[in-house]
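This is what each chain is made of:
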Amino acid sequence: MKKVLVLCTGNSCRSQIAEGYLRYFGGDKAHIYSAGIETHGVNPRAVQVMKEDAIDLSGHTSNHIDEYTGVDFDYVITVCDNAKESCPYFPTSAQKFHYNFSDPAKAKGSEEEIMHQFRAVRQLIRDYCSDFVSKNLA
C-alpha cells in the first residue's frame, strides 16, 4: 500500500483538509499522513468546512514532520511554499509534488467572508486531491 505525506507549515488547515480528501478519494489504496514543519493545532474552521462536505476532521491531530522520519513515503505533497522551502531534509525516495494553496487561516473580514475563503480553498484542495488520486493511486 502506498504511503502519502501531506506537508504544510503548521499542519492546521491546508494539510488537514488535503489529508481528509486523500483518505476520502483514496480509500484503501494508501496510508495518508499529514504533518507540519511546526504544529499549530487543527484549525476549528477547517474542521467545520470539511464537516459541510461530510468529512470529519475532529479526531485529527497536528503532527510535526519529525514524527515520520522513519516512514518510507512513496509521495510527499507540500501544500504551501513555506513548507517546500523550509522543510528539513529527511531521507526518502518519495516522489515530490507541490501546490501553493493560499492560507485560509489568514483570511480577514466577517465570519461569513472568512468562511467563504475556507470554502474556496477547500474546493481547490478537493479538486487537487481527486486528480492526485486518479493519476497516482488508481
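Use the structure listed above.
Residues numbered from 1 in each chain as written. Predicted model: local features only at pLDDT ≥ 70, side-chain atom pairs only at ≥ 80, totals over all residues. Heavy atoms only, no water.

**Q** Whenever I open this one, the pairing of strand β3 (residues 75-78) confuses me. Can you help?
**A** Two faces, one strand: in a regular strand the side chains alternate between the faces of the sheet. Because side chains alternate across β3, one face comprises the buried residues Tyr-75 and Ile-77, and the other comprises Val-76 and Thr-78, equally buried. Pairing analysis gives 4 bridges linking strand β1 (residues 2-8) to β3, with the strands arranged parallel. Along β3, the bridge assignment pairs Leu-5 with Val-76. Relative to strand β4 (residues 95-98), β3 is paired through 4 bridges, and the arrangement is parallel. Along β4, the bridge assignment pairs Thr-78 with His-98. (Buried < 20%, exposed > 50% of the residue type's maximum accessible area, 1.4 Å probe, protein only. Helix = DSSP H or I, 4+ residues; strand = E, 2+ residues; numbered from the N terminus. Pairing = 2+ DSSP bridges.)

**Q** Honestly, the sheet that holds strand β2 (residues 30-36) in this entry has me stumped. Any pointers?
**A** Sheet strands pair by backbone hydrogen bonding; their relative direction is either parallel or antiparallel. With parallel pairing, 4 strands are arranged side by side in an open sheet as β2-β1-β3-β4. Since the sheet does not close on itself, it has two edges, and those belong to β2 and β4, each with one partner. The average undirected angle you get between the axes of adjacent strands in this sheet is 20 degrees. Where β1 meets β2, 7 bridges bridge the pair, whose relative direction is parallel. For Val-6, the partnering residue across the bridge sits in β2 and is Ser-34. Here helix α1 (residues 14-26) sits on the sheet in contact with β1, β2 and β3, set at roughly 180 degrees to β2. (Axes fitted to C-alpha atoms, helices over the stretch in contact; angles between N-to-C directions. Contact = heavy atoms within 4.5 Å.)

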